[in-house]
Amino acid sequence: MFRYQIIIEYDGTNFVGWQSQKNGMSIQKETEKIFIKILKEKIKIYSSGRTDAGVHAINQSAHFDCKKKISNKYKFVSSANYFLNKKNISIKKIIKKNINFHARFSAKEREYKYVILNRNAPPILDKNKVWHLRSKLDLNLLKKAAKKLIGTHNFNAFRSSNCQAITPVRTIKEIKITKKSEKILFVLRSKSFLKNQVRSIVGCLKYIGEKKWEINELEKVLKSKNRKNCAPPAPARGLFLSKIVY
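Keep in mind it's a predicted model, so treat the numbers as computed, not measured.

Another aspect to go through is helix α3 (residues 139-146). Of the residues making up α3, those classed as buried are Leu142, Ala145 and Ala146. Here the buried residues of α3 occupy an arc of 100 degrees about the axis, which is enough to place them on one side. Of the residues in α3, the exposed ones pointing more than 90 degrees away from the buried face are Asn140 and Lys144. Residues of α3 that are buried make contact with β8 (169-180), β9 (183-190), α4 (197-209) and α5 (215-224). Where α3 starts, the residue carrying a side-chain oxygen 3.1 Å from the main-chain nitrogen of Asn140 turns out to be Asp138.

Structure below.
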């Protein structure tokens, strides 16, 4: 048995998310179908983590096992992309790994990016890739508020009601916020994130950037551990899984 890691890029707009589901098209299922077609054996792909409907990936990491060694990796990737590119999925790289490697459990850190387009005119080129906001956001307030979330906290207020994580305690290593031209970029790093955590954080920071909330409101939400106190989460279309560190 041989184990391979794949690095995948995808546009999540028309998918129900990474995980195979009965109610729609998933990245996992579409990729498995093509791998089965090429390798002519049953293939199950395991990712570093599930991305929700509408969420994109720049460098999603996953692994699969197969009985035969893939001797020509370039040919395999080219063949897979011939079919997958039509679905807005691209295999960027394939790497032979030790059988002990696991895309999810071996990961030491995950990085997500969130993009806000902060201007009056709606996006055309970046449609479905940004959260378009007309109200001007105060960058300094965003940065000050984000510092309150760095470190280890109970993020129960910032996770989806159907999140299946055993504990809501997570450690955020960094929240970096920068502005370039009309775009505000959020980069968040942690070993792992709760379902909807990044989008919930961005949603709350947006309230502060608009001066709808004071910074202490964010601290109250965090301490409350109550989802009802959280601001509406940012839409999925601005979120990208950008890096997995092993």
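A few words now on the nonpolar core. Counting 66 residues, the largest nonpolar core has Phe35, Phe64, Phe158 and Phe186 as its most contacted members. Counting residues per element, this core draws most heavily on α4, which supplies 6 residues. Setting aside anything within four residues of it in sequence, one finds Phe186 in contact with Tyr112, Lys113, Tyr114, Ile116, Leu142, Lys176, Ile177, Val202 and Leu205.

So, on to the packing of aromatic side chains. One pass over the full model with this rule turns up 11 aromatic pairs. Aromatic side chains Tyr112 and Phe193 sit 5.4 Å apart centroid to centroid with 90 degrees between the ring planes, which places their arrangement in the edge-to-face category. One end of the pair, Tyr112, is in strand β5 (residues 109-118); the other, Phe193, is in the loop between β9 and α4, with 81 residues separating them in the sequence. When sorted by exposure, Tyr112 lands in the same class as Phe193, which is buried. Among the aromatic residues, ring-to-ring pairing joins Tyr4, Phe35, Phe64 and Phe76 into one connected group. Seen from the ring of Tyr82, Lys86 lies directly overhead, with NZ or CZ sitting 4.4 Å from the centre. A cation sits over an aromatic face here: Lys97 above Phe101, 4.8 Å from the ring centre.

With that settled, the discussion passes to the packing of helix α1 (residues 27-39) against helix α2 (residues 73-84). For any two helices packed against each other, one specifies the inter-axial angle together with the distance between the axes. Contact pair α1 / α2: the axes reach a minimum separation of 10 Å and the direction vectors enclose 130 degrees. Comparing the axis directions of α1 and α2 gives the class oblique. The handedness of the crossing between α1 and α2 comes out as right-handed. Between α1 and α2, the residues in contact are Glu30, Thr31, Ile34, Phe35, Lys37, Ile38 and Leu39 and Phe76, Ser79, Ala80, Phe83 and Leu84, respectively. Looking at side-chain class alone, the contact of α1 with α2 contains 8 nonpolar, 2 polar and 2 charged residues.

This paragraph deals with α2. In this model α2 runs 16 Å from its N-terminal to its C-terminal C-alpha over 12 residues, within 8% of the 16 Å that 1.5 Å per residue would give. By the burial criterion, the buried members of α2 are Phe76, Val77, Ala80, Asn81 and Leu84. All buried residues of α2 fall inside an arc of 125 degrees around its axis, so they share one side. Exposed positions of α2 whose direction lies more than 90 degrees from the buried face are Tyr74, Lys75 and Tyr82. The N-terminus of α2 is capped by Asn72, whose side-chain oxygen sits 3.3 Å from the backbone nitrogen of Tyr74.

All right, on to the packing of α3 against α4 then. Packing of α3 against α4 leaves a shortest axis separation of 8 Å and a crossing angle of 135 degrees. Taken together, the axes of α3 and α4 lie oblique to each other. Between α3 and α4 lies a crossing of right-handed hand. The segment α3 lies against α4, with Leu141, Leu142, Ala145 and Ala146 engaging Leu205, Lys206, Ile208 and Gly209. Class assignment of the residues belonging to the contact of α3 with α4 gives a composition of 6 nonpolar, 1 polar and 1 charged.

Positive phi values are uncommon outside glycine, yet Asn88 reaches one of about 65 degrees. Examined against the element boundaries, Asn88 turns out to sit in the loop between α2 and β4 (89-97).

Counted according to the given criterion, the structure contains 14 salt bridges. A salt bridge links Asp65 to Arg3; the shortest N-O distance between them is 2.7 Å. With Asp65 in strand β3 (residues 56-66) and Arg3 in strand β1 (residues 2-10), the pair connects residues that are 62 residues apart, well separated along the chain. Taking the relative accessible area as the measure of exposure, Asp65 reaches 23% and is therefore partly exposed. By relative accessible area, which is 13% here, Arg3 ends up buried. Between Lys148 and Glu219 there is a salt bridge, with the nearest N and O atoms lying 3.9 Å from each other. Residue Lys148 is found in the loop between α3 and β7 (151-154), and its partner Glu219 is found in helix α5; the two are separated by 71 residues along the sequence. The structure contains a network of salt bridges with shared partners spanning Glu109, Lys173, Glu174 and Arg189.

Criteria and thresholds
- Residues numbered from 1 in each chain as written.
- Predicted model: local features only at pLDDT ≥ 70, side-chain atom pairs only at ≥ 80, totals over all residues.
- Heavy atoms only, no water.
- Buried < 20%, exposed > 50% of the residue type's maximum accessible area, 1.4 Å probe, protein only.
- Helix = DSSP H or I, 4+ residues; strand = E, 2+ residues; numbered from the N terminus.
- Arc of directions from axis to C-beta.
- Contact = heavy atoms within 4.5 Å.
- Polar contact = N/O pair within 3.5 Å; in protein donor to acceptor, adjacent residues only side chain to side chain.
- Core = buried A, V, L, I, M, F, W, Y, C linked by side-chain atoms within 4.5 Å.
- Phe/Tyr/Trp six-rings, centres within 6.5 Å; stacked < 30°, edge-to-face > 60°.
- Lys NZ or Arg CZ within 6 Å of the ring centre and 35° of its normal.
- Axes fitted to C-alpha atoms, helices over the stretch in contact; angles between N-to-C directions.
- Parallel < 35°, antiparallel > 145°, perpendicular 65-115°, else oblique.
- Left-handed = near helix turned anticlockwise from the far one by under 90°.
- Nonpolar A, V, L, I, M, F, W, Y, C, P; charged D, E, K, R; others polar.
- Expected span 1.5 Å × (residues − 1).
- Salt bridge = Lys/Arg side-chain N within 4 Å of Asp/Glu carboxyl O.

Take it as geometry only, folks, not as evidence of what the structure does.
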